[in-house]
Amino acid sequence: MVVREDGILRATAFGRRTSELYIDPETAVLMKEALTSEGPGSLTDLSFLHMIAHTPDMWPRLRPYRRELEDLMGFLAEHEEELFFRPPDPELDAVGFEEFLREIKAARVLEAWIEEEPEDSIMGLFDVQPGDLYRLVETGRWLLYAARELAVLFGRREYAVRLSVLMKRVEHGVREELLQLASLRGIGRVRARLLYSAGFRSLEDLRRAPVRELLKVPGIGPRLALSIKEQVGGEISEEDLEAVKKEEWVQKSLLDYSS
């Protein structure tokens, strides 16, 4: 990260980028080791998720409970060829091996998140608290961004492209096909999937869709439907406005009735 020139220590490009990214130097070194290697036998999303979980900047450190150990070890045995880093020998380094299982658990939680597993299911399956899940997602997004920037620095464009997509998936908690929809203001992972299932699979689909058709999608109310059309640059007809007014009247009437 530094070189000596004429008796003066100067930062290398790697050292400067590490400082700019605000990551631990050890994190940067581990990422460099992974990103400049030949890679695992099978490169998957799990490869990158475990790479960031393997760094000291990953937080929180999820503790595997005793009841989880057998399942985690089975998962590790099944997916070891997808990892950039090899696990320690449990007979020689029991503490290091348990720490490695912590990393596997964190990677699995993030993998479940980007595969659109419901939050309640993730918390129940992995015994993770809501605050820990939120922090894990935020930290994961940050570290994937840092990894992408280092991949660009090291000339690993193919890694940088995959890391960019994975970073967005972790940010929104969706599969790749939902990224456009989930990027819209007011559309989270659940509404994005509902829109996709209803046939609105791209921003262009939403741009062409009448507001009255959007209102048929569960979770899409009048204001959000208009907001979607504004965000995608779609036209709003008089018929659309009438549909919105009618929907608002129906919702208000139901609210009055329920009260």
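Residues numbered from 1 in each chain as written. Predicted model: local features only at pLDDT ≥ 70, side-chain atom pairs only at ≥ 80, totals over all residues. Heavy atoms only, no water.

*Asks:* An account of the overall build of the protein is requested, with residue identities and associated values reported.
*Replies:* The secondary structure content of the protein amounts to 14 helices and two strands. Since a compact globule built from 259 residues should have a radius of gyration of about 18 Å, the 23 Å found for the protein marks it as more spread out than a globular shape. Principal-axis analysis of the C-alpha atoms gives the protein an extent of 70 × 55 × 35 Å. Counting only residues that meet the buried cut, the protein has 43% of its 259 residues in that class. Contacts spanning at least 24 positions in sequence make up 64% of the contacts within the protein whose residues lie at least 6 apart. Within the structure as shown, the protein displays about 14400 Å² of accessible surface, and the carbon and sulfur contribution to it stands at 50%. Both charge centroids of the protein, one from 36 positive and one from 48 negative side chains, sit 5 Å from each other. (Helix = DSSP H or I, 4+ residues; strand = E, 2+ residues; numbered from the N terminus. Rg over C-alpha atoms; globule rule 2.2 N^0.38 Å. Buried < 20%, exposed > 50% of the residue type's maximum accessible area, 1.4 Å probe, protein only. Contact = heavy atoms within 4.5 Å. Areas by Shrake-Rupley, 256 points an atom, 1.4 Å probe, with all protein chains shown as cover. Lys, Arg positive; Asp, Glu negative; His and termini not counted. Charge placed at Lys NZ, Arg CZ, Asp CG, Glu CD.)

*Asks:* Let's hear about the packing of helix H5 (residues 94-114) against helix H6 (residues 119-126): which residues, and what values?
*Replies:* Interhelical geometry of H5 versus H6 gives an angle of 160° and a closest axis separation of 10 Å. On the basis of their axis angle, the class for H5 and H6 is roughly antiparallel. Between H5 and H6 the crossing geometry is right-handed. Across from Lys105, Arg108, Val109, Ala112 and Trp113 in H5, the residues of H6 making contact are Glu119, Ile122 and Phe126. (Axes fitted to C-alpha atoms, helices over the stretch in contact; angles between N-to-C directions. Parallel < 35°, antiparallel > 145°, perpendicular 65-115°, else oblique. Left-handed = near helix turned anticlockwise from the far one by under 90°.)

*Asks:* Now, about H5: what can you tell me, with residues and values included?
*Replies:* Taking 1.5 Å per residue as the helical rise, H5 with its 21 residues ought to reach 30 Å, and the 31 Å between its terminal C-alpha atoms agrees with that figure. For H5, a buried count of 15 out of 21 residues is recorded, marking the element as mostly surrounded by other parts of the structure. (Expected span 1.5 Å × (residues − 1).)

*Asks:* Which residues make up the environment of Thr12, and what are the values?
*Replies:* Assignment of secondary structure puts Thr12 in the loop between strand E2 (8-11) and helix H1 (13-21). Since its relative accessible area comes to 21%, Thr12 is described here as partly exposed. The sequence separation of Thr12 and Met1 amounts to eleven residues, and the corresponding C-alpha distance is 5.2 Å. Discounting chain neighbours no more than four positions away, the residues touching Thr12 are Met1, Val2 and Val3.

*Asks:* Any details on helix H4 (residues 69-79)? Residues and values, ideally.
*Replies:* When H4 is considered as a whole, its buried residues turn out to be Leu72, Phe75, Leu76 and His79. The buried residues of H4 occupy an angular sector of 100° when the element is viewed end-on, so they sit on one face. Across H4 from its buried face, at more than 90 degrees, point the exposed residues Glu70, Ala77 and Glu78. Those residues of H4 hidden inside the fold are in contact with helix H3 (45-53) and H5. (Arc of directions from axis to C-beta.)

*Asks:* I'd like a rundown of the side chain of Glu103, residues and numbers included.
*Replies:* Looking at the secondary structure, you find Glu103 in helix H5. At 2.7 Å, the side chain of Glu103 forms a polar contact with the side chain of His54. Excluding residues within four positions of it along the chain, Glu103 makes contact with His50, Ala53, His54 and Arg61. (Polar contact = N/O pair within 3.5 Å; in protein donor to acceptor, adjacent residues only side chain to side chain.)

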